There are 2 protein chains.
Amino acid sequence: MSQDIKKALEIITSGTVQVTPCEDLVKKLQTKKHLTIKFGADPTAPDLHLGHAVVLHKLRQLQNLGHKIIFLIGDYTARIGDPTGRSKTRPPLSGEEIASNAQTYLNQVGKVLDLEQTKVCYNSEWLAKLSFADVIHLCSKVTVAQLAEREDFAQRLKEKTPIGMHEMMYPLMQGYDSVALHADVELGGTDQTFNLLMGRHLQETYGQEPQVIITLPLLEGLDGVRKMSKSYGNYVGLWEAAESAYGKIMSISDELMWRYYLLLGEKTASEVQELKQGVVQQTLHPMELKKTLAFTIIKRFWSADEAQNAQQQFEALFQQRDYSAAQEVLLPPETPNPLWIVELL
Amino acid sequence: MSQDIKKALEIITSGTVQVTPCEDLVKKLQTKKHLTIKFGADPTAPDLHLGHAVVLHKLRQLQNLGHKIIFLIGDYTARIGDPTGRSKTRPPLSGEEIASNAQTYLNQVGKVLDLEQTKVCYNSEWLAKLSFADVIHLCSKVTVAQLAEREDFAQRLKEKTPIGMHEMMYPLMQGYDSVALHADVELGGTDQTFNLLMGRHLQETYGQEPQVIITLPLLEGLDGVRKMSKSYGNYVGLWEAAESAYGKIMSISDELMWRYYLLLGEKTASEVQELKQGVVQQTLHPMELKKTLAFTIIKRFWSADEAQNAQQQFEALFQQRDYSAAQEVLLPPETPNPLWIVELL
């Protein structure tokens, strides 16, 4: 394996949960200069936060390596309402909601990906053209038992919670997207593993080289306990003011900092390991590292200027104090404005 | 209930296994002059025999009562290969096979139904027009658990025999046919009960008055034991020479004769009961009744002339004998030519 591919592999696999199968990824990297990377998103969540940014960040890394990112908006699949990871049927979205959400989504994605180098697709482009016979042909590629294996389906079947037949179609549609796109790689959260593997399976049955699937972990929220989620209030929204986001990142624990470095920073697993060593050996200060992390994240997802300003504002608040005391102060996630710290100190 | 409706009800329900729900049938008969009667057939069995004629005969009775028969050829569904009552997936048919089978089917159906009064439809007329979104909408009307209840699906799930997702679509397609046709009644064999009920369910979810379902029993073959089937050799083919068919019918047991009277003769259940009484009271002779049955069946499914000729040929073989001896002679199903009896006697 060449040094270039070795380095690329390290970047690609850092922070991932699963690369399946890794040997296929190596082979694809060796034989193709530009891989086609698929990332699908339901236009159902218009407010992106750093949790969503984990996958987007990995896509950006792949983009920086020269690969072709396809940001696929599941406008057609959104008509179903994917039940993945949910215990009940979701109501389908209207055409207007889909269009509006998709635009909001894209505006925010532009903070992470270079949209000029990103191909945006809508799966209605091919799914709307399928006839009933095509759908049947697609259905014939998979058994009921295979679909019933999906964790949430299995759970619902066990609990006798009804599963609409249309919900079973979802993995088939998502999988068919990979066929339509001839995807080399598909990325998703760990909750998407089954659907991603379905793409692999369908590509094989349609006579294509199957895609490699890469899953990313769910990012812990600012509390370090639960996954980042708007409903838990432990999030950093990509639409927030940079100062607020910077302050929130500074509020996380040292332990969580390593996780954020791995999933949102510019560091590979081995580089994060080196940083940890630095702290143990007291050659690096955690507060400095956290500032660097916050700066890096704001620079990447907002802008260099905003990162500079946010850092200056934060430092101004702490300029009379030494960092060892300041790092004990945690910002509660509900209060993004760091000015209240001044009152406390 | 008027006398006309009472009489119609007796004719319609005689020999059926199930009329569900009977009160809906009464209501439909009271409010509509001409009911739309759906009968669906896969163009997969080009050699019809008397077993198939049971349902066709019931359709003819309905036709004689003035109702509108729709003979639906499942040219689109045939692409799936319905697994109903089978333990494994059937291979789908090609377009050429479907067209050829459908024509052969219709040629034979003309022996039972008045084709001039029968509307022949192909379900590709509406199924081919459905988009993926329409299919999803259709799928949303039913749960996986509901479909998994179908006896053969349940059995295969239990045995862990794979069920293709496309096979689960079959009842939905057949059910949607009822929606497209606005069927008042659908007829089928008992093995079709689930699919017929699906039509009822889907019509309701699509805001239509649900169809009444009428199921007919499987006809026992000449051996009186197994269902009539080409593969068991216990059949009377609708394409056979009338003399051969007449002789085969004469070969059945007295017990089986009542069954054939009910399912293929012109008699209602109460009329068959009267005939039975006649035999018990020795006012009627079983051999005469069997000749009448054979004559009636040949007249109906072949022609009056052929019935006459077949009867004469049969009588010529027995003219020197009294019937009490002759009725002991059974024709083995493999030997349709009654001439061999002469050699035996």
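Each remark here, short or long, concerns the structure printed above.
As a starting point, this report considers the structure included with it.

Parameters at a glance
- Residues numbered from 1 in each chain as written.
- Chains lettered and ligands numbered in written order.
- Predicted model: local features only at pLDDT ≥ 70, side-chain atom pairs only at ≥ 80, totals over all residues.
- Heavy atoms only, no water.
- Helix = DSSP H or I, 4+ residues; strand = E, 2+ residues; numbered from the N terminus.
- Contact = heavy atoms within 4.5 Å.
- Areas by Shrake-Rupley, 256 points an atom, 1.4 Å probe, with all protein chains shown as cover.
- Salt bridge = Lys/Arg side-chain N within 4 Å of Asp/Glu carboxyl O.
- Buried < 20%, exposed > 50% of the residue type's maximum accessible area, 1.4 Å probe, protein only.
- Pairing = 2+ DSSP bridges.
- Axes fitted to C-alpha atoms, helices over the stretch in contact; angles between N-to-C directions.
- Buried area = accessible area lost by both parts, 1.4 Å probe.
- Parallel < 35°, antiparallel > 145°, perpendicular 65-115°, else oblique.
- Nonpolar A, V, L, I, M, F, W, Y, C, P; charged D, E, K, R; others polar.
- Least-squares fit on C-alpha atoms with pLDDT ≥ 70 in both.
- Right-handed = clockwise from strand over helix to strand, strands pointing away.
- Phe/Tyr/Trp six-rings, centres within 6.5 Å; stacked < 30°, edge-to-face > 60°.
- Lys NZ or Arg CZ within 6 Å of the ring centre and 35° of its normal.

In this section: the overall build of chain A. Along chain A, the regular secondary structure elements total 17 helices and six strands. If you take every contact in chain A between residues at least 6 apart in sequence, the share linking residues at least 24 apart comes to 75%. Working note: accessible area of chain A is about 15200 Å², and carbon and sulfur atoms make up 50% of it.

The tally for this structure, following the rule as stated, stands at 26 salt bridges over all chains. A salt bridge links Asp254(B) to Lys290(B); the shortest N-O distance between them is 2.8 Å. In this pair, Asp254(B) is assigned in helix 12 (residues 254-264) and Lys290(B) in helix 14 (residues 286-301), connecting sequence segments 36 residues apart. With relative accessibility at 27%, the residue Asp254(B) sits in the partly exposed group. The structure contains a network of salt bridges with shared partners spanning Lys28(A), Lys32(A), Asp184(A) and Glu209(A).

In this section: the sheet that holds strand 1 (residues 18-20) of chain A. All names here are of chain A. Strand order in this open sheet of six strands is 1-6-5-2-3-4, and the pairing throughout is mixed. The sheet is open, and its two borders are formed by strand 1 and strand 4 (118-122), each paired with just one other strand. This sheet shows a mean twist of 20 degrees between the axes of neighbouring strands, independent of strand direction. Where strand 3 (residues 68-73) meets strand 4, five bridges bridge the pair, whose relative direction is parallel. By the bridge assignment for strand 4, phenylalanine 71 is matched with valine 120.

Moving on, we get to the side chain of Lys141(B). By secondary structure assignment, the location of Lys141(B) is in the loop between helix 6 (132-139) and helix 7 (144-148). Sequence-distant contacts of Lys141(B), defined by excluding residues within four places in its chain, comprise Gln146(B), His201(B), Leu202(B), Thr205(B) and Tyr206(B).

At the interface, 26 residues of chain A touch 26 residues of chain B. Taken together, the two surfaces of chain A and chain B that pack against each other cover about 2300 Å², and 84% of this comes from carbon and sulfur. The largest per-residue losses of area from chain A upon contact with chain B belong to Phe132(A), Val144(A) and Met165(A), which jointly make up 35% of the total buried on that side. Where chain A meets chain B, there are zero salt bridges. Those elements giving two or more residues to the side of chain A that touches chain B turn out to be helix 6 (132-139), helix 7 (144-148) and helix 9 (165-181) of chain A.

The next thing to look at is the packing of helix 3 (residues 50-64) of chain B against helix 14 of chain B. Residue and element names in this part refer to chain B. Running from N to C, helix 3 and helix 14 cross one another at 75 degrees; their axes reach a closest spacing of 12 Å. Judged by the angle between their axes, helix 3 and helix 14 are roughly perpendicular. On the side of helix 3, the interface is formed by Leu50, Ala53, His57, Arg60 and Asn64, while helix 14 contributes Ile297, Arg300 and Phe301. Its residues assigned to classes, the contact of helix 3 with helix 14 comprises four nonpolar, two polar and two charged.

Between chain A and chain B, which share one sequence, the superposing operator has a rotation angle of 180 degrees and an axial displacement of 0.0 Å; the RMSD is 0.0 Å. The superposition operator between the copies reduces to a two-fold rotation axis. Measuring from the rotation axis to each C-alpha of chain A, the shortest distance belongs to Ser131(A), at 2.8 Å.

What follows concerns the environment of Tyr170(A). By the element assignment, Tyr170(A) lies in helix 9. For Tyr170(A) and Gln282(A), which are 112 residues apart along the polypeptide, the C-alpha to C-alpha distance reads 51 Å.

All names here are of chain A. With five of its five residues buried, strand 5 (residues 185-189) lies for the most part within the structure. Bridge count between strand 2 (residues 36-41) and strand 5: three bridges; the pairing is parallel. Within strand 5, the position partnered with isoleucine 37 by the bridge is valine 185. Sheet topology places strand 5 next to strand 6 (residues 212-216); five bridges connect them, and they run parallel. Within strand 6, the residue paired with valine 185 across the bridge is valine 212. The parallel pair strand 5 and strand 6, bridged by helix 10 (residues 193-205), forms a crossover whose chirality is right-handed.

Here the focus is the packing of aromatic side chains. Summed over all chains, the structure comprises 14 aromatic pairs over all chains. Summarising the aromatic geometry, the rings of Phe132(A) and Tyr76(B) are spaced 6.2 Å apart at their centres and angled 55 degrees between planes, so their arrangement reads as tilted. Placement of Phe132(A) in helix 6 and of Tyr76(B) in the loop between strand 3 (68-73) and helix 4 (95-109) is noted, with the two residues assigned to different chains. Taking the centre distance of 6.4 Å and the plane angle of 25 degrees together, the rings of Trp258(B) and Tyr261(B) count as stacked. Here Trp258(B) pairs with Tyr261(B), and both are found in helix 12, just three residues apart, close to one helical turn. In this structure, Trp258(B) and Tyr261(B) share a single accessibility class: buried. These aromatic residues form a ring-pair network of at least three members: Phe39(A), Phe71(A) and Tyr105(A). Across the ring face of Tyr235(A), the terminal group of Lys248(A) is positioned such that the distance to the ring centre comes to 4.5 Å. A cation sits over an aromatic face here: Arg226(B) above Tyr232(B), 4.3 Å from the ring centre.

Note that all results are geometric; they support no functional claim without further evidence.
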